[in-house]
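Take a look at the letters that make up each chain.
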Amino acid sequence: MFAFKLVNVGVAKRTFSSSATVANGVKVAVLGAAGGIGQPLSLLLKHNKSISHLSLYDIVNTPGVAADISHINTASKVTGYVRENDGLKLALTDSDVIVIPAGVPRKPGMTRDDLFNTNAGIVKELAVAAAEFAPKAIMTVISNPVNSTVPIISEVYKKYNIYDPRRILGITTLDVVRASRFVSELKGTDPSNEKVTVVGGHSGVTIIPLLSQTGHTFTDEELKTLTHRIQFGGDEVVKAKAGTGSATLSMAYAASCFVDSLLRAMVKGEKGIIEPSYVKSNLFNSDNIEYFASNVELSAEGVGKVHPLGKLSAYEKDLLAAALPELKKNIAKGAEFVANSK
Ligand code: NAI
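All chains use their own residue numbering, which begins from 1 and follows the written sequence. Per-residue local features of the predicted model are confined to residues with pLDDT of at least 70, and side-chain atom pairs are confined, for both listing and counting, to 80 or more; whole-chain, interface and lining totals are unaffected and use all residues.

Under the annotation held in an unreviewed UniProt entry, the protein chain carries the name Malate dehydrogenase and is attributed to Rhizophagus irregularis. UniProt positions are given in the numbering used here, feature names are shortened, and annotations may be inferred rather than shown by experiment. The annotation that UniProt attaches to the protein chain under Sequence similarities (unreviewed entry) is "Belongs to the LDH/MDH superfamily. MDH type 1 family."

In structure tokens form, the structure reads like this:
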């Protein structure tokens with residue numbers, strides 16, 4: 001009774017070239033679309049001209065969100081679904097890109113890892129559905145802890161024999177957005193011109209900003225303060241929201257930038273589109289670290305090329321040494337969750 005469908009006019013025809021480049025618009029599914037991130041993210045994606053169909057899914061409130069967004073006068077079709085009446089299947093079928101912001105956010109005093117117990121189950125459920133109904137879609141995940149949710153999706157896809165590491169990306173763009181803003185505040189520059197590569201993972205000490213590669217010089221004190229602020233910037237928002245959630249608006253902005261970059265590579269076949277993201281990576285094979293965030297060149301398949309880290313300062317080498325064991329634990333936790341569940 002509740003599977004809700006809203007269809008707009010003026011939908012671009014969707015076709016695929018033999019190179020799998022999407023020629024004429026794409027279907028993007030947002031899972032968790034009625035949440036704090038999901039709503040503004042869906043709003044921003046409604047403005048993306050590469051998207052012909054915005055498919056919104058949540059366990060609650062999606063009909064209202066979809067009805068509201070569908071009135072915006074851009075060409076894309078908007079559909080909204082809840083769980084009943086095969087909502088998840090309908091939301092996912094024929095999707096080219098899936099974005100998952102479903103799950104609980106942090107409260108003051110919580111780490112992202114504290115969210116694991118709730119969010120692991122949600123992400124696994126959505127990954128299973130994606131494996132069944134949209135196995136070819138490029139899967140991008142926002143739900144925390146990203147360090148573990150990417151391994152969870154990967155392990156589910158392995159179980160379904162559809163695993164292609166190029167198609168699963170953890171969105172860490174907010175770390176980059178924050179880093180460029182914080183550096184510009186310190187240096188009095190235009191933040192949109194600041195390029196800060198942030199590598200590693202997406203929680204606390206696993207977040208490694210490569211400030212030595214920004215072209216700026218920093219005192220030791222500045223380096224320490226700035227690095228800490230980038231690693232724990234999310235806490236500023238969690239604290240200011242005083243128990244009502246974590247970053248939603250800046251995250252929606254960051255995710256919409258990321259999806260736009262992905263679509264430029266997918267739809268327009270643009271080359272050299274680089275976004276740091278958390279993906280399957282060979283960079284730290286020797287440490288048995290399977291996933292790592294670094295600069296990733298995006299392509300029609302998702303991950304085109306994983307770039308190495310480049311030259312690190314002694315300070316950054318220390319940050320890396322602190323990050324690797326934590327990252328390894330987070331990855332193992334995600335993989336074990338799937339191995340131990342039915
Ligand atoms: P929220 O609680 O406002 O929204 C989450 C939404 O997920 C809700 O609408 C809820 O109904 C939905 N949901 C719950 N279970 C679901 C299921 N099984 N299927 C579909 N939808 C389901 O939370 P918010 O603030 O939007 O955060 C979402 C996630 O994003 C959290 O895990 C948070 O930690 C993470 N996050 C990630 C960031 C990143 O940089 N990657 C930054 C900020 C937050």
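Resuming the write-up.
Enquirer: Before we go on, may I ask you to explain the confidence of the model for the protein chain in this structure?
Expert: Do not read the fine detail of predicted coordinates wherever pLDDT is low. Summing up the model confidence of the protein chain, the mean pLDDT is 93 and the portion of residues at 70 or higher is 93%. Both confidence scores are given for the complex: pTM 0.94, ipTM 0.99. pLDDT runs from 0 to 100 and stands for how confident the predictor is about each residue.

Enquirer: Help me understand unusual backbone geometry, please; the structure alone is not making it clear to me.
Expert: Excluding glycine, residues mostly have negative phi values, and the peptide bonds linking residues are mostly trans. The peptide bond linking Asn144 to Pro145 adopts the cis configuration, its omega dihedral lying at -5 degrees. Tracing the backbone through its elements, the reader meets Pro145 in the loop between strand 5 (138–141) and helix 5 (146–159). Of note, Asn61 is a non-glycine position whose phi angle comes to about 65 degrees, a positive value. Strands here are runs of E lasting at least two residues and helices are runs of H or I lasting at least four, both read from the DSSP assignment and numbered beginning at the N terminus. Among the structural elements, Asn61 can be located in the loop between strand 2 (51–57) and helix 2 (62–70). Under the C-beta neighbour-count criterion, Asn61 is labelled partly exposed, with 16 such atoms within 10 Å. The phi dihedral of Ala242 is positive, around 50 degrees, even though this residue is not glycine. Partly exposed residues are those falling between the two cut-offs: more than 12 but fewer than 20 other C-beta atoms within 10 Å of their own, whereas 20 or more means buried and 12 or fewer means exposed, with C-beta atoms placed from the backbone.

Enquirer: I keep staring at the packing of helix 1 (residues 38–45) against helix 9 (residues 249–267) and nothing clicks. Help me out?
Expert: Each pair of packed helices gets described by two things: the angle between the helix axes and the distance between those axes. Geometry is summarised by axes, namely lines fitted to C-alpha atoms with helices restricted to the contacting stretch, and by angles between N-to-C directions that run from 0 to 180 degrees. At a minimum axis distance of 8 Å, the contact between helix 1 and helix 9 shows a crossing angle of 40 degrees. Classed by the angle they form, the pair helix 1 and helix 9 counts as oblique. Pair helix 1 / helix 9 crosses with right-handed handedness. Residues Pro40, Leu41, Leu44 and Leu45 of helix 1 lie in contact with helix 9, whose contacting residues are Leu249, Ala252, Tyr253, Ala255, Ser256 and Val259. Roughly parallel means an angle under 35 degrees; roughly antiparallel means over 145; roughly perpendicular covers 65 to 115; every other angle is labelled oblique. Helix crossings get a hand from a simple test, with the near helix turned counterclockwise from the far one by less than a right angle marking a left-handed crossing and a clockwise turn marking a right-handed one. Whether two residues are in contact is decided by their C-beta atoms, placed from the backbone, lying within 7 Å.

Enquirer: Can you help me understand the nonpolar core in this one?
Expert: Soluble globular proteins: nonpolar side chains tend toward being buried together. Counting 96 residues, the largest nonpolar core has Val28, Val30, Ile98, Val99, Ala130, Ile153 and Ala255 as its most contacted members. Among the elements that take part in this core, helix 9 stands out by supplying 11 residues, more than any other. Among the domains, domain 1 (26–171) and domain 2 (173–331) are the pair contributing at least three residues each to this core. Each nonpolar core consists of buried Ala, Val, Leu, Ile, Met, Phe, Trp, Tyr and Cys residues. Their C-beta atoms, within 7 Å, join them into a set. An automatic or database domain assignment supplies the start and end points of every domain.

Enquirer: Help me understand the UniProt feature "domain: Lactate/malate dehydrogenase C-terminal" (unreviewed entry) in the protein chain, please; the structure alone is not making it clear to me.
Expert: Sequence positions flagged by UniProt for "domain: Lactate/malate dehydrogenase C-terminal" (unreviewed entry) are, in local numbering, residues 172–338. Along residues 172–338 the backbone is 47% helical and 16% strand, and the end-to-end C-alpha distance reaches 23 Å.

Enquirer: Where do I start with helix 8 (residues 233–240) in this structure?
Expert: For an α-helix, 3.6 residues make a turn, and residues three or four places apart therefore share a direction. Taken as a whole, helix 8 has its buried residues at Gly233, Gly234 and Val238. Buried residues along helix 8 cover an arc of 145 degrees about the axis, so they all sit on one side. Residues of helix 8 that are exposed and angled more than 90 degrees away from the buried face: Glu236, Lys239 and Ala240. Tucked into the core, helix 8 has its buried residues touching helix 6 (173–187) and helix 7 (220–231). Directly after helix 8, the chain includes Ala242, whose backbone phi takes a positive value near 50 degrees. As used here, the arc is the angular range of directions from the helix axis to the C-beta atoms.

Enquirer: Explanation requested: the packing of helix 6 against helix 9 in the structure shown.
Expert: Between helix 6 and helix 9, the shortest axis-to-axis distance is 8 Å and the interhelical angle comes to 110 degrees. Here helix 6 lies roughly perpendicular to helix 9, going by the angle between them. As helix 6 packs across helix 9, the resulting crossing turns out to be right-handed. Side by side, helix 6 and helix 9 meet where Thr173, Leu174 and Val177 of the first sit next to Ser250, Met251, Tyr253, Ala254, Ala255, Cys257 and Phe258 of the second.

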